[in-house]
Amino acid sequence: MSEGGFDATELALAARRASRSLQSLSSEARTTVLNRVAEELVRNEGAILAENASDMLAAEESGVEPQLLNRLKLKDGKIAQLAEGIRSLAKMEEPVGRCLRNTRIADGLHLKQVTSPLGVLMVIFESRPDALPQIASLALRSGNGLLLKGGKEAAKSNAILHRVITQALAPEVDPGLIGLVTTREGIDDLLKLHHVIDLVIPRGSNQLVSYIQKNTQIPVMGHADGVCHVYVDSACDLAKATHVVVDSKVDYPAACNALETLLIHQDLVTLGKAKIILDALTAAGVELFAGPRATAELGLPACVNMKHEYGTLACSVEIVENLKGAIDHIHKWGSSHTECILTEDQATADLFLSQVDSACVFHNTSTRFSDGFRFGLGAEVGVSTGRIHARGPVGVDGLLTTRWIMRGSGHVVEKDANIKYLHQKLPLTE
C-alpha cells in the first residue's frame, strides 16, 4: 500500500472480481445497466458541466497549452452525444460468449471457440474527460474490469463522471468494476501488477506512451503519434478536395485523427491550383509550414521536421511528384494512424488504399471520420497503430479474446488408440 492509503493490488483485484460477476449477468441485464448509465449522464449534465467549467478555469489560470484546453472542454451537446453512443452499445448484438467456431472432434466430443473479455484493463488518458464515459461503457459491454487515470487538469470532471457512472451500476454490477486512480504514484504501483492487469491502453502524448511502455511488463496497446496525411492528387475535384482538407484540420485540431501533413501533387502547384487549397486553410486560421520542396517552391517557413504532430491550427505542407512519392513519404514519416487520398481517378485511389500500410486509409473523406463513434462502434477505448490484436479505433471487439469450451462424456486420450477424430465443422448456432 502506498502513501495515502492507496492499495493498487486491491483496486485491481476488485475490478477483476466485479468483471467475473459482470460476465455471469444476462445480456438483458447488461443492456439495462448501460441504458441507465446513459440516462444518469444526461440527468446530471448540469453538474458535470459545472465541474468541467471549474477545471477549465483552473487550467487557464495555470497556463495550460491551448490544445490541451481544447481537449479538456466538454462542449455543448457532448453529454448527449456520449449518451447516444452508450445507447448504441446497449443495442448491439451480445459480444461476449459469441461462438466463432463449432467442431465435432469425435463422437460425443464437441469443441467451441467463444469470445471472452480480456480481464482487467487500465486506461490512462490526458485532458480528455469525455474519454471516461466512452471507456467505461465499452468495459461494461465487453465484460471487462477497468482502472482509469485521467489528467490532473481534468480531476473534477473525471471525479463526477466516475461517480455518476459507478452509482448507476448497482444493484446488478459491483461499482468496484470501474476504479479511478487520482495520483501519479498510483499509476506506478499499478504498472507493476502484470499478474492482475491484462492490458494497458495509454491515450495521450508520445511522452506518456513511451513512459508506460518502458515501465511495465503488462502488454500495451495504443499509439504514440497521430501524424495523419492527406494527399491531394492531380485528378482531384478541387472544390471537394479543399473542403475535405479544411475539415480534416479545422474540425478538431487537437484530435489524433486531425490532418498534420498535407501532400500536394506537383501538377497542382504548376497549375496554380494548390494555392486555392492553401488559401482556404489560411482563411480558416491554419498556420502553414513546409517540407524542403514546398519551402523552396511555395515560400512557406520550414517545419520542425516532417514527422511533427501539431495538435493545433497548424500543419506541414509538402510537394510530391506522384502517387508513389506520396506513399513513400507516408511510410517514411507517418505514424500508421490515418491517411487519405483525394482523387477522382478510381485506379489511383485503389492503389493508395491497397498500398498504404496504416490502420485507417480513406478515399475522398475527412481523416476526422477515424473514430469509434463515427465508425458505428458506439465508442472507442483508443486508437491502435500496432499490428497485434487490434488496429485502428478500438471498440468492443478489440477488448475481447477467445476461450475454448469442450464437452464430452468421459472421453480420454490413451495415446489416441481408441478414438476416431472427425474434426467436423458444425453450424455456429448448433
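Conventions we followed
Residues numbered from 1 in each chain as written. Predicted model: local features only at pLDDT ≥ 70, side-chain atom pairs only at ≥ 80, totals over all residues. Heavy atoms only, no water. 1 Å grid on protein atoms, 1.4 Å probe; cavity = no way out; pocket = protein on both sides within 12 Å on 5 of 7 lines; lining within 4 Å. Points joined across faces, edges and corners; volume = space filled by probe spheres on them. Nonpolar A, V, L, I, M, F, W, Y, C, P; charged D, E, K, R; others polar. Helix = DSSP H or I, 4+ residues; strand = E, 2+ residues; numbered from the N terminus. Expected span 1.5 Å × (residues − 1). Buried < 20%, exposed > 50% of the residue type's maximum accessible area, 1.4 Å probe, protein only. Arc of directions from axis to C-beta. Contact = heavy atoms within 4.5 Å. Polar contact = N/O pair within 3.5 Å; in protein donor to acceptor, adjacent residues only side chain to side chain. Pairing = 2+ DSSP bridges. Axes fitted to C-alpha atoms, helices over the stretch in contact; angles between N-to-C directions.

For the rest of this paragraph, the subject is the layout of surface pockets. Where empty space is left in the structure can be found by rolling a water-sized probe over the atoms. Here the second largest pocket defines a volume of roughly 270 Å³. Forming the boundary of the second largest pocket are 17 residues, of which Val220, Met221, Gly222, Ser384 and Ile388 lie nearest the centre. Residue composition of the lining of the second largest pocket, grouped by class: 8 nonpolar, 7 polar and 2 charged.

In this model, helix 5 (residues 78-91) (14 residues) spans 20 Å end to end at C-alpha, consistent with the 20 Å of a helix rising 1.5 Å per residue. Listed in full, the buried residues belonging to helix 5 are Ile79, Leu82, Ala83, Gly85, Ile86, Leu89 and Ala90. Projected down its long axis, helix 5 shows its buried positions confined to an angular sector of 160°, all on one face. Those residues of helix 5 hidden inside the fold are in contact with helix 2 (27-43), helix 3 (45-61) and helix 6 (131-142).

Below, the discussion takes up helix 1 (residues 8-23). In this model helix 1 runs 23 Å from its N-terminal to its C-terminal C-alpha over 16 residues, within 8% of the 22 Å that 1.5 Å per residue would give. The complete set of buried residues in helix 1 reads Ala8, Ala12, Ala14, Ala15, Arg16, Ala18, Ser19 and Leu22. Its side-chain oxygen at 3.2 Å from the backbone nitrogen of Thr9, Asp7 defines the N-terminal cap of helix 1.

A few words on the sheet that holds strand 4 (residues 145-149). Taken in spatial order, the 4 strands of this open sheet run 5-4-3-6, and their pairing is parallel. Since the sheet does not close on itself, it has two edges, and those belong to strand 5 (178-181) and strand 6 (199-203), each with one partner. Ignoring strand direction, the axes of neighbouring strands in this sheet form an average angle of 20°. In this sheet, strand 4 lies alongside strand 3 (residues 120-125) in parallel orientation, the contact comprising 5 bridges. By the bridge assignment, Met122 is partnered in strand 4 with Leu147.

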